[in-house]
Amino acid sequence: MTLLSEPLQFTPDHGIAAGPGHVTLVGAGPGDPDLLTVKAARALREATLVLYDNLVSQDVLALVPASADRVYVGKISGHHSLSQDGIIELMLRLAGGGRRLVRLKGGDPYIFGRGGEEAEALAGAGIPFDVIPGISAAQGASAATGIPLTHRDHAESLVYATGHLRGEGEARTVDLDWQLLSRPRQTVVIYMGVGTLPVISAQLQAHGLSGNTPAAIVERATQPGQRTLTGTLATLPELAKRHDVRAPALIMIGTVVLLRAELGQAAATPAVARTAAA
Ligand code: SAH
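Residues numbered from 1 in each chain as written. Predicted model: local features only at pLDDT ≥ 70, side-chain atom pairs only at ≥ 80, totals over all residues. Heavy atoms only, no water.

As a further point, take the overall build of the protein. Tallying secondary structure elements over the protein gives 10 helices and 12 strands in all. Expressed as a percentage of the 278 residues in the protein, the buried residues total 47%. Considering only contacts within the protein whose residues lie at least 6 apart along the sequence, 69% involve residues at least 24 apart. For the protein, the accessible area works out to roughly 13,900 Å², and carbon and sulfur atoms hold 54% of it. (Helix = DSSP H or I, 4+ residues; strand = E, 2+ residues; numbered from the N terminus. Buried < 20%, exposed > 50% of the residue type's maximum accessible area, 1.4 Å probe, protein only. Contact = heavy atoms within 4.5 Å. Areas by Shrake-Rupley, 256 points an atom, 1.4 Å probe, with all protein chains shown as cover.)

The full count for this structure, using the stated rule, is three aromatic pairs. For the ring pair Tyr52 and Tyr72, a centre distance of 5.5 Å and an interplane angle of 55° mean the geometry is tilted. Taken together, the residues span a long stretch of sequence, with Tyr52 in strand E2 (residues 49-52) and Tyr72 in strand E3 (residues 69-72) at a distance of 20 residues. (Phe/Tyr/Trp six-rings, centres within 6.5 Å; stacked < 30°, edge-to-face > 60°.)

Near the ligand lie 18 residues; those nearest to it are Ile111, Ser136, Ala137, Ala221 and Ala249. Note that a nitrogen atom of the ligand is positioned 2.9 Å from one of the backbone N or O atoms of Gly106. A distance of 2.7 Å is found between an oxygen atom of the ligand and a backbone nitrogen or oxygen belonging to Ala249. For the ligand, whose accessible area on its own is 540 Å², the fraction buried by protein is 94%. (Near = heavy atom within 4 Å. Polar contact = N/O pair within 3.5 Å; in protein donor to acceptor, adjacent residues only side chain to side chain.)

The subject of this paragraph is the pattern of salt bridges. Going through the model one piece at a time under the given rule, you end up with 10 salt bridges. One salt bridge in this structure joins Arg227 and Glu219, with 2.7 Å as the shortest N-O distance. For Glu219, a relative accessible area of 3% corresponds to the buried category. Residues participating in the shared-partner salt-bridge network are Asp53, Arg103, Lys105 and Glu118. (Salt bridge = Lys/Arg side-chain N within 4 Å of Asp/Glu carboxyl O.)

A cis amide bond, omega 0°, links Ala247 with the succeeding residue Pro248. Within the element layout of this structure, Pro248 appears in the loop between helix H8 (236-242) and strand E12 (249-253). Located in the positive-phi region is Arg185, a residue other than glycine, with phi close to 50°. Structurally, Arg185 is set in the loop between helix H6 (178-181) and strand E9 (186-191). On the basis of relative accessible area, Arg185 is assigned to the partly exposed category, the value being 36%.

In this section: the sheet that holds strand E7 (residues 129-132). Strand order in this open sheet of five strands is E3-E2-E6-E1-E7, and the pairing throughout is parallel. Of all the strands in the sheet, just E3 and E7 have a single pairing partner and so form its edges. Sheet twist, expressed as the average angle between the axes of neighbouring strands with direction ignored, equals 20°. Sheet analysis places E2 next to E3, joined by four bridges and oriented parallel. Bridge pairing in E3 places Val50 opposite Arg70. Taken strand by strand, helix H4 (residues 115-124) contacts strand E1 (22-27), strand E6 (100-105) and E7, and its axis lies near 170° from that of E1. (Pairing = 2+ DSSP bridges. Axes fitted to C-alpha atoms, helices over the stretch in contact; angles between N-to-C directions.)

Let us now look at the environment of Ala215. Checked against the element boundaries, Ala215 lands in strand E10 (residues 214-219). The exposure class of Ala215 is buried, given its relative accessible area of 0%. For Ala215 and Leu229, which are 14 residues apart along the polypeptide, the C-alpha to C-alpha distance reads 8.5 Å. The contacts of Ala215, once residues within four sequence positions are left out, are Leu229, Thr230, Gly231, Thr232, Leu233, Leu236, Met252, Ile253 and Val257.

Before going further, it helps to spend a moment on the packing of helix H3 (residues 84-96) against H4. For the pair H3 and H4, interaxial distance at closest approach is 10 Å and the crossing angle is 40°. Viewed along their axes, H3 and H4 adopt a mutual orientation that is oblique. Classified by chirality, the crossing of H4 by H3 is right-handed. Across the interface between the two elements, Gln84, Ile87, Ile88, Met91 and Leu92 from H3 touch Glu117, Glu118, Ala121 and Leu122 from H4. (Parallel < 35°, antiparallel > 145°, perpendicular 65-115°, else oblique. Left-handed = near helix turned anticlockwise from the far one by under 90°.)

Both faces of the sheet carry side chains from a regular strand, because those side chains alternate between them. Of all the six residues making up E1, six are buried; the element is thus mostly covered by neighbouring parts of the structure. Burial along E1 is two-sided: His22, Thr24 and Val26 and Val23, Leu25 and Gly27, pointing in opposite directions, are all buried. Of the strand pairs in this sheet, E1 and E6 are connected by six bridges, and their pairing is parallel. Within E6, the position partnered with Leu25 by the bridge is Arg103. Pairing of E1 with E7, which is carried by four bridges, proceeds in the parallel orientation. For Thr24, the partnering residue across the bridge sits in E7 and is Asp130.

This is a description of form; function is not addressed.
Set out below in C-alpha cells:
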C-alpha cells in the first residue's frame, strides 16, 4: 500500500500509454468480493494502478495483482486523508501523464460516492474514462438482512438520502427535505447517518412519521461481522448508541423492516449451507 505521507513512486514501466491515459471508475460493492460485477472483477485483475477508498474491503483489494501500484486515498468520517480536490488532482495528474488507472470506490461510484464529481473532472480535462457500476450498500444490506425495500404491500417509493452534515461550524446540520422523507408507504434508506441518527429520528417524527415506524440499522453489510439492529424510528438512536454502532452503517426506515422477521433467517444462512440445501 502506498501511504500518502510518502512520496508517490510508481513502477515506471507499465501502464503508460502515449497521450492521455484512461480512468475506470469501478464500483467495489458493499464488501463481499462475490458481489463484484464480472466486469469489475476483470478490471481489478488487469489493473496496474488503483486509487481506492477506505470503504473498499481487503477481500476486494486482494483481486488486484501484487505487481500493481495501490494508492489509498481513503476518507474516514472527519479525517480525510486527502481532500476530494486532492483526489481529483492526483487522478488527473496520473491519467494526464498517460497512466491507465482504476479508481475503486465502495458500493456504486455514482451513489453518494462523489464519483459524479470525479467523472466531471475527467470529462473537463478530456481524459477518457468509463464507469463500472457496483452493488450499492442499500442493495447489499437489503439482501443480506431480508428486508425487501419496495415490497408492494409496504412501499410505493424508495428514497436514498444522506445523513451527512452540511454547512460550516455551528451551522452544520442535516439539511434534508423532511416533508418528503416523512411520507407514508415509502421506504427511506439513509447513508452516512450514524452520527446524525438522533436528529434524523427527531425530524421525521416532527414532520409526521410515527415514532412506531419500524426501522433498522445495518453495520458492515455483507462483510464479516455484519450486525443488524431493528427497532422503531423512536428507539433506533438509543439502540445504535447502546450497541456502539459505527460507520459504515445504513439506516432503513419503513414497514418493510417488519419482513425481516420472516425473511431474515434465509438471508442469514451462509451461501455454502444454502447450496447444500438446494
Ligand atoms: N457509493 C457507496 C456509498 C458511499 S457513502 C454505495 O453505493 O454504497 C458511505 C456510506 O455508505 C456509509 O457511511 C454507509 O452509510 C454506507 N455503506 C457503505 N458500505 C456499507 C456497508 N458494507 N454496510 C453498511 N453501510 C455501508
